[in-house]
Amino acid sequence: MSHWPRLFVDVETTGLDPSIHEIIEICIITEWQSGSFDEWNTKIRPERIGDAHPRALEVNGYTTEAWRNAPIMAYVINDIAARVSKGLVIGHNVAFDLGFISAALAGHGLRRPSHRSFDTMALAYEHLPLPKVSLDAIRAFFGWSGADAHTALQDTRDMRRLFHSLYRAGCLQRLWYRAIWTWRDR
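Residues numbered from 1 in each chain as written. Predicted model: local features only at pLDDT ≥ 70, side-chain atom pairs only at ≥ 80, totals over all residues. Heavy atoms only, no water.

1. Focus: the packing of helix α6 (residues 135-142) against helix α7 (residues 152-166)
Remark: α6 packs on α7, axes separated minimally by 11 Å, with the N-to-C direction vectors making an angle of 60°. With respect to each other, α6 and α7 are oriented oblique. Every pair of crossing elements has a handedness; the one defined by α6 and α7 is left-handed. Contacts from Leu135, Ile138, Arg139 and Phe142 of α6 reach α7 at Gln154, Asp155, Asp158, Met159, Leu162 and Leu166. For the contact of α6 with α7, the residue count by class is six nonpolar, one polar and three charged. (Axes fitted to C-alpha atoms, helices over the stretch in contact; angles between N-to-C directions. Helix = DSSP H or I, 4+ residues; strand = E, 2+ residues; numbered from the N terminus. Parallel < 35°, antiparallel > 145°, perpendicular 65-115°, else oblique. Left-handed = near helix turned anticlockwise from the far one by under 90°. Contact = heavy atoms within 4.5 Å. Nonpolar A, V, L, I, M, F, W, Y, C, P; charged D, E, K, R; others polar.)

Below you can see the structure in the form of structure tokens.
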């Protein structure tokens, strides 16, 4: 995987359908080949809150007060476009994130640059003996904290951590993960 930089991306939304729902938080961690990285994260004030699914708002911790001073999409869309323009986009269920990003860009007259993407769910399915590979299940498996789960920043940090834990994992590492699972299953 030699496409640099690596762009670890997560969005939090007002629902599951990018044609109806909106991004309310986004995080993009740009990682360069040197190992240095930059975290960019912002809440985004929804403009069509009436279309939001109540469960999505609950999961994402949305409150009017917490988002009161957040910018609207029009103020951050150019930053998003610039940040996703070059590199390999990596996400946990990356098609979901890219679907919302593409819809937001299109809604503001911008085109999503064509680039490659990589889904960390594929790594998790390949390397971890878990029946489901949600970030919550992965956090529990590794014993990672669930604090701030379902915020774009924490989910992106954990997804990046997952990528670096599993990418190019060898046979011994896979056996270790299976041993952990077997031991916990007792």
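2. Structural notes on the nonpolar core
By size, the foremost hydrophobic cluster in this structure holds 21 residues, and its most contacted members are Ile23, Ile26, Ile44, Met73, Ile80 and Ile101. Among the secondary structure elements, those contributing two or more residues to this core are β1 (6-13), β2 (23-31), α3 (73-83) and α4 (94-107). Top element by residues in this core is α4. It accounts for six residues. Ignoring sequence-local partners within four residues, the contact set of Ile44 consists of Ile23, Ile24, Glu25, Ile26, Trp67, Ala70, Pro71, Ile72, Met73, Val76 and Ile80. By size, the runner-up hydrophobic cluster in this structure holds 19 residues, among which are Cys27, Val133, Leu162 and Phe163. (Core = buried A, V, L, I, M, F, W, Y, C linked by side-chain atoms within 4.5 Å. Buried < 20%, exposed > 50% of the residue type's maximum accessible area, 1.4 Å probe, protein only.)

3. Looking at the packing of aromatic side chains
A full pass over the atoms with the stated rule returns seven aromatic pairs. Taking the centre distance of 5.5 Å and the plane angle of 70° together, the rings of Phe8 and Phe163 count as edge-to-face. Taken together, the residues Phe8 in strand β1 and Phe163 in helix α7 connect sequence positions 155 residues apart. Taken individually, Phe8 and Phe163 each receive the classification buried, so the pair is uniform in this respect. Ring plane angle 80° and centroid distance 5.1 Å describe the contact between Phe141 and Phe142, whose orientation is recorded as edge-to-face. (Phe/Tyr/Trp six-rings, centres within 6.5 Å; stacked < 30°, edge-to-face > 60°.)

4. Re the packing of α3 against α4
Close contact between α3 and α4 brings their axes to 10 Å; oriented N to C, the two are set at 115°. Considering only the axes of α3 and α4, their crossing is left-handed. Residues Met73, Ile77, Ile80 and Ala81 of α3 pack against Ile101, Ala104 and Leu105 of α4. Considered class by class, the residues forming the contact of α3 with α4 number seven nonpolar, no polar and no charged.

5. Regarding the environment of Val11
Tracing the chain through its elements places Val11 in strand β1. Of the residues examined, Val11 reaches a relative accessible area of 4% and is grouped as buried. Separated by 17 residues in sequence, Val11 and Ile28 have C-alpha atoms that sit 8.9 Å apart. Ignoring any residue separated from it by four or fewer positions in sequence, one finds Val11 in contact with Ile23, Glu25, Ile26, Phe96, Asp97, Phe100 and Ile101.

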